[in-house]
Amino acid sequence: MWLADAVAANVVKYFSTTSQRPELVFIHLPDVDIAGHASGWMSDDYRSAVLRVDAALDKILQRIQASYGTDVTIIVTADHGGINFSHDNALNESRQIPWIAWGRGVHTQIIASPVRIVDLAPTVLWLLGVSVPTNIDGSPVTQAFQAPGAAGALHAASLRDAASLATAGTH
Ligand SMILES: [Zn+2]
């Protein structure tokens, strides 16, 4: 299993060397969950893992900003919290997680209504301009963005630009 330091190094290497602009990148930093199970949530080992992941995230964000500036949307979240050595779905320590959006199209605010983990996938689909299936749980967190569809519209515009460039390149 790759831990945060190795993941960050590989992500930084990828964004430093690729000539492609990916539409979607999913980055998983597992250290905090591993430390929680091994040593307990809020233990010294857990807190060290939080610092390692924070430092890794800083390296990743700096690299992404060096490549794309603010013309990128980043969502940072977790799949669950924990208490003692595991997860207890009945307790807020396991159920409440951060959900942070930053960058293109983001409306800077604290969202008053709860955001659920099942809202993440529909939000990403919405940002990509992909139709959100009606038979999945969750719904796009549109209130996190400047206007309904704003980020999607920006995305569609950039896709059109890319298509124009691709078309121009074949002539
Ligand atoms: Zn776990």
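Computed from a predicted structure; not experimentally measured. (Residues numbered from 1 in each chain as written. Predicted model: local features only at pLDDT ≥ 70, side-chain atom pairs only at ≥ 80, totals over all residues.)

A. A look at the overall build of the protein. Each helix and strand in the protein was counted, giving six helices and two strands. Ordered by position from the N terminus, the helices and strands of the protein form the series α-α-α-β-α-β-α-α. In the protein, once contacts between residues fewer than 6 apart in sequence are set aside, the share between residues at least 24 apart is 54%. (Helix = DSSP H or I, 4+ residues; strand = E, 2+ residues; numbered from the N terminus. Contact = placed C-beta atoms within 7 Å.)

B. Molecular detail of the confidence of the model for the protein. Mean pLDDT over the protein stands at 86; residues scoring 70 or higher make up 85%. Across the protein, the secondary-structure element scoring lowest on mean pLDDT is helix H6 (residues 150–170), at 41, and the one scoring highest is helix H3 (residues 44–68), at 97. A low-confidence stretch, residues 154–171 (pLDDT under 50), is modelled with six contacts involving residues beyond four sequence positions or located in other chains. (pLDDT = per-residue confidence, 0-100.)

C. The nonpolar core, seen in detail. In terms of nonpolar packing, the biggest core is built from 13 residues, with Ala4, Val7, Ala8, Val53 and Ala56 touching the most fellow members. Looking at this core, the elements that each hand over two or more residues are helix H1 (4–17), helix H2 (31–39) and H3. Discounting chain neighbours no more than four positions away, the residues touching Val7 are Trp2, Ile27, Leu29 and Ala56. (Core = buried A, V, L, I, M, F, W, Y, C linked by C-beta atoms within 7 Å. Buried ≥ 20, exposed ≤ 12 C-beta atoms within 10 Å, placed from the backbone.)

D. Representation of unusual backbone geometry within the structure. The phi dihedral of Met42 is positive, around 75 degrees, even though this residue is not glycine. Turning to its location among the elements, Met42 is positioned in the loop between H2 and H3. A count of 14 C-beta atoms within 10 Å places Met42 in the partly exposed class. In this structure, Asn84 takes a positive phi of about 55 degrees despite not being glycine.

E. Structural view of H1. A rise of 1.5 Å per residue sets the reference length of H1, with its 14 residues, at 20 Å; its end C-alpha atoms lie 20 Å apart and thus fit the reference within 8%. What H1 keeps buried is the set Ala4, Val7, Ala8 and Val11. Looking down the long axis of H1, one finds its buried residues gathered within 95 degrees of arc, a one-sided arrangement. Opposite the packed face of H1, turned more than 90 degrees from it, sit the exposed residues Ala6, Lys13, Ser16 and Thr17. (Expected span 1.5 Å × (residues − 1). Arc of directions from axis to C-beta.)

F. Expanded view of the environment of Ala8. Inspection of the secondary structure puts Ala8 in helix H1. When the C-alpha atoms of Ala8 and Ala56 are compared, they prove to be 5.4 Å apart, with 48 residues separating the residues in sequence. Apart from the residues within four sequence positions on either side, Ala8 is in contact with Ala56, Lys59 and Ile60.

G. Region of interest: the packing of H2 against H3. The contact between H2 and H3 brings their axes to 8 Å, and the two run at 175 degrees. Relative to H3, the element H2 is oriented roughly antiparallel. Contact residues: H2 offers Asp31, Val32, Ala35, Gly36, Ala38 and Ser39, while H3 offers Asp45, Tyr46, Ala49, Val50, Arg52 and Val53. (Axes fitted to C-alpha atoms, helices over the stretch in contact; angles between N-to-C directions. Parallel < 35°, antiparallel > 145°, perpendicular 65-115°, else oblique.)

H. Layout of the environment of Ser43. You can see Ser43 is positioned in the loop between H2 and H3. C-beta crowding within 10 Å serves as the criterion here: with 15 such atoms nearby, Ser43 is assigned to the partly exposed category.

I. Molecular detail of H2. Taken residue by residue, H2 has Asp31, Val32, Asp33, Ala35 and Gly36 as its buried positions. Those residues of H2 that are buried are in contact with H1 and H3. Just downstream of H2, Gly40 is the residue with a positive phi angle, here 105 degrees.

J. Representation of the packing of H1 against H3 in the model. One way to put it is that H1 packs onto H3 with a least axis distance of 9 Å and a crossing angle of 5 degrees. Classified by the angle between their axes, H1 and H3 sit roughly parallel to one another. Touching Ala4, Asp5, Val7, Ala8, Val11, Val12, Phe15 and Ser16 of H1 are Arg52, Val53, Ala56, Lys59, Ile60, Arg63, Ile64 and Ser67, all from H3. In terms of residue class, the contact of H1 with H3 is built from 10 nonpolar, two polar and four charged. (Nonpolar A, V, L, I, M, F, W, Y, C, P; charged D, E, K, R; others polar.)

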